[in-house]
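A closer look at the structure
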Amino acid sequence: MAPLPDYRPKQLSLGPLEAEILNIIWELGSATVKDVHDRILTDPNRELAYTSVTTVLRRLTDKGWLACDKKERAFYWQPMLSKQQSDVIKAHEQLQRFLAVGNPDVVAAFADSLDEAASEQIAAIAKRIQSARQAREEE
């Protein structure tokens, strides 16, 4: 997994429509309101006002997820982070909240309830942590 990015959005929490629109921007790389609106309306069962897409794009910009540039007569939005960087930041935040519990008995009880696949994943993570520590010590 990639290292923790230096840049972080001002606000990590996203509503369902914000997350959907951010995913569209990640897929397209850069998009206008029309691009996003058209993509959403490819689902014949969806209705969404053009102005609603504009509002959500502005909110995502205010939250620090998107940047907006004007090219000629159109505004283009592009992500400030890649999807992978976003996943790294969100995983880091979840891990910090988990570790904030601070009680080893609670953490151990949680670990005891995991299935075999999850336990193996935890063991692999522990092995990677140990390798990273050894590499730092050797530097």
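For the structure itself, consult the block above.
Residues numbered from 1 in each chain as written. Predicted model: local features only at pLDDT ≥ 70, side-chain atom pairs only at ≥ 80, totals over all residues. Heavy atoms only, no water.

This next bit is on a nonpolar patch on the surface. A contiguous nonpolar surface patch, about 360 Å² in accessible area, is contributed by Leu95, Phe98, Leu99 and Phe110. Broken down by element, the nonpolar patch gets its largest block of residues, three residues, from helix α4 (residues 83-99). Inspection of the secondary structure puts phenylalanine 110 in helix α5 (residues 104-112). Accessibility expressed as a relative area gives 43% for phenylalanine 110, which makes it partly exposed. (Patch = residues over 30% accessible without salt bridge, like charges linked within 9 Å, V, L, I, M, F, W, Y side chains within 5 Å. Areas by Shrake-Rupley, 256 points an atom, 1.4 Å probe, with all protein chains shown as cover. Salt bridge = Lys/Arg side-chain N within 4 Å of Asp/Glu carboxyl O. Helix = DSSP H or I, 4+ residues; strand = E, 2+ residues; numbered from the N terminus. Buried < 20%, exposed > 50% of the residue type's maximum accessible area, 1.4 Å probe, protein only.)

The next thing to look at is the environment of alanine 91. Of note, alanine 91 is situated in helix α4. Sequence separation of alanine 91 and leucine 4 is 87 residues, and the distance between their C-alpha atoms is 9.8 Å.

As a further point, take the packing of aromatic side chains. A full pass over the atoms with the stated rule returns two aromatic pairs. With centroids separated by 6.4 Å and ring planes inclined at 80°, the aromatic side chains of tryptophan 26 and tryptophan 65 adopt a geometry described as edge-to-face. Residue tryptophan 26 is located in helix α1 (residues 16-28), and its partner tryptophan 65 is located in the loop between α3 (50-62) and β1 (66-71); the two are separated by 39 residues in the primary sequence. We classify tryptophan 26 as buried; its relative accessible area is 18%. The buried category is assigned to tryptophan 65, whose relative accessible area is 1%. Seen in terms of ring centroids, phenylalanine 75 and tryptophan 77 are 6.4 Å apart; in terms of plane orientation they differ by 45°. Their pairing is tilted. On the accessibility criterion, tryptophan 77 (5% relative accessible area) is buried. (Phe/Tyr/Trp six-rings, centres within 6.5 Å; stacked < 30°, edge-to-face > 60°.)

Everything listed is a geometric property; what it means functionally is a separate question.
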